[in-house]
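# Report on the structure
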Amino acid sequence: QRWAMERALRDRDAFLATWQRPESAPQLWDSDAAPPQDFICSITGDIFSDPVVCSDGQTYERVAIEDWFSRGHLTSPLTNTTLTSSELIPNVA
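Bear in mind that the values here come from a model prediction, so they are computed numbers and not experimental data.

### Description of the nonpolar core
Core analysis: the biggest nonpolar cluster contains 13 residues, and Ile 43, Cys 54, Tyr 60, Ile 65, Phe 69 and Leu 88 have the highest contact counts within it. Counting residues per element, this core draws most heavily on helix α2 (residues 62-70), at four residues. Cys 54 has contacts with Tyr 60, Phe 69, Leu 83, Glu 87 and Leu 88, leaving out every residue within four places of it along the chain.

### Quick notes on the side chain of Asn 80
Within the fold, Asn 80 resides in the loop between α2 and β3 (89-90). Classification of Asn 80 as buried rests on a relative accessible area of 9%. Ignoring anything within four residues of it in the chain, the contact list for Asn 80 reads Met 5, Ala 8, Leu 9, Arg 12 and Thr 75.

### Remarks on α2
Every buried residue of α2 is listed here: Ala 64, Ile 65, Asp 67, Trp 68 and Phe 69. Residues of α2 that are buried make contact with α1 (2-18), β1 (51-53) and β2 (59-61). Phi turns positive, to about 90 degrees, at Gly 72, one or two residues after α2.

Cut-offs and rules
- Residues numbered from 1 in each chain as written.
- Predicted model: local features only at pLDDT ≥ 70, side-chain atom pairs only at ≥ 80, totals over all residues.
- Heavy atoms only, no water.
- Core = buried A, V, L, I, M, F, W, Y, C linked by side-chain atoms within 4.5 Å.
- Buried < 20%, exposed > 50% of the residue type's maximum accessible area, 1.4 Å probe, protein only.
- Helix = DSSP H or I, 4+ residues; strand = E, 2+ residues; numbered from the N terminus.
- Contact = heavy atoms within 4.5 Å.

Listed below in structure tokens is the structure:
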């Protein structure tokens, strides 16, 4: 079981390290000041354009978390704990 956890963590780290926003995506911040960390997706490292809340309570960029799920992951990309649902709820304020 330990090897499965280690493999899951390696898969997660590889995914987080290589995920890229599509080139066609618009630039989302045009200020010299750094955006607030709450505006940044933990997967993409970019400002949210379509933020969604996952069952782990974290907000992710929709295309990034959907990509995570499409690769067969049923865990949180941040904690590696099993998610109770893959439902995504728009995070709009």
